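Chains, contacts and geometry: an overview
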Amino acid sequence: MADNTNYESVGSGLNYSLEKSKRRSNRSKWIVLGSIITLLALIAIGVGVGVSVSNKNKNKNNNDLSTSSSSSSGSNSTDSSSSDAPKQTDPNDPSTFVKDPNLKQSFYGMAYTPEGSLLPDCGNSLDAVIHDIQVMSQLTKRVRLYGADCNQSALVLEAIKQTKVDMEVFLGNYPTPDDETAYTRQRDTIKAAIQTYGTDHIAGITVGNEYILNYLNAHGATDPNSAVGNTGGEQLVADINDTRSMLNDLQLSKTIPIGNSDAGSYFNNLVLEAVDYGLSNVHPWFANTTIQNAASWTATFFDETNVQPAAQLPNKPKMYIAETGWPSESSDAGNANNGASDASEANLQIFLDNFVCQANTNGTGYFFFEFTDEPWKDKLYGGVEGHWGLFHSNRTLKRITIPDCPAP
């Protein structure tokens, strides 16, 4: 992309979305492949349909949840429950964790996927998720999940229960255009989690993550509101309506909002008209902004491309930024610069300083991308893909200072 791009204009959003789509479509293909590989196994052994948490002792409870995900040592599974986990004054009570003075509850929300939650290698564990929630609760009161495979909905809700933190979770259902089982499998897992834990810590259910972007890519189209986009939108709306029906069966139709997440320029109006909220991925790195302009570009793009158009729809869905951040490094020199600024911890600090407090002041709902680096992305895609975390993958804080401005 040209270095003389007008970074403040929304016109650069299309370049961002096209560049982003190349990376995200690869990720979606991997997820689809994994889903197909494991589908028969999931049906055969009955994995992924709910969690049963008994009223027995905590150790039994931990074992029940841990065994719901396999102990595979796949590429997306490493041990995050290390000595870097928060200390507890009572080793048997996760709610007694000692807070880190370097952390501030300054983020509106945090994008999060429990480590080891990617099919076919479910390798997550309750202990690891508890440690993550202990840390994230010191940064935010809200987390968003992308999907429900590998029991992650129940793991996060159980971790919130055991740590007794003030936190809400936006559950996620990650359907894919070419796998009808992906939606129903995750719907049933979410339903079981709701039946077990109730709704006190559930802020919403997000149905679809970059579904329209991937549908358009698969059909050689770019306009989310074209005939092709509307065909994909109708498919996704069917899943959204089915989720509403599921909540209605549980007598929760007016209790839990339903939303959708997509790349910033790829929302379909049929989909937005069917949801209560939208989550928009807005990444200044992929728009080739300078780090000095990154925060202002993010705010302008989000307002003009998402907030204003959504306000014109009959249902006026509430819009959030689903992902925004800045990579701290690249695995290769060719991707270490976006054409304007470097991927570095110093520039991550600049984005934190320029974006977080200003967004809080403006009342912008956002989910910072992301909690930790993800090594599996680095292995698959290289470049900056695995290096967006505030923390390294071993849960140690990068060389950054968390802004000190309470989030709404």
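Right above here is the structure, for reference.
Description of the structure in this document. (Residues numbered from 1 in each chain as written. Predicted model: local features only at pLDDT ≥ 70, side-chain atom pairs only at ≥ 80, totals over all residues. Heavy atoms only, no water.)

Mapped onto the fold, T206 is located in strand β4 (residues 202-209). Beyond its immediate chain neighbours, meaning those up to four positions away, T206 contacts F170, L171, G172, N173, G259, N260, S261, Y277 and L279. (Helix = DSSP H or I, 4+ residues; strand = E, 2+ residues; numbered from the N terminus. Contact = heavy atoms within 4.5 Å.)

Next up on the list: the sheet that holds β4. Taking strand neighbours around the barrel as the criterion, the eight strands line up as β1-β2-β3-β4-β5-β6-β7-β8 in a closed arrangement whose pairing is parallel. Going from strand to strand, the sheet's axes swing by 25° on average, the running direction of each strand aside. The strands that helix α10 (residues 345-362) touches are β7 (318-324) and β8 (366-368); relative to β8, the one it contacts most, it runs at about 160°. (Pairing = 2+ DSSP bridges. Axes fitted to C-alpha atoms, helices over the stretch in contact; angles between N-to-C directions.)

In this section: the pattern of salt bridges. The full count for this structure, using the stated rule, is 11 salt bridges. The partner of D276 in a salt bridge is R244, with the nearest N and O atoms 3.3 Å apart. One end of the pair, D276, is in the loop between α8 (269-272) and β6 (277-281); the other, R244, is in helix α7 (residues 227-249), with 32 residues separating them in the sequence. When its relative accessible area of 25% is taken as the criterion, R244 is described as partly exposed. The partner of E345 in a salt bridge is R399, and the shortest N-O contact between them spans 2.8 Å. In this pair, E345 sits in helix α10 while R399 sits in the segment after α11 (375-381), placing the two residues 54 residues apart along the sequence. It is possible to trace a salt-bridge network through shared partners that takes in E115, D132 and R395. (Salt bridge = Lys/Arg side-chain N within 4 Å of Asp/Glu carboxyl O. Buried < 20%, exposed > 50% of the residue type's maximum accessible area, 1.4 Å probe, protein only.)

A rise of 1.5 Å per residue sets the reference length of α10, with its 18 residues, at 26 Å; its end C-alpha atoms lie 25 Å apart and thus fit the reference within 8%. Those residues of α10 lying buried are E345, N347, L348, Q349, F351, L352, F355, V356, A359 and N360. The inward-facing, buried residues of α10 contact α9 (291-311), β7 and β8. Of the residues flanking the end of α10, it is G363, one or two places downstream, whose phi is positive at about 75°. (Expected span 1.5 Å × (residues − 1).)

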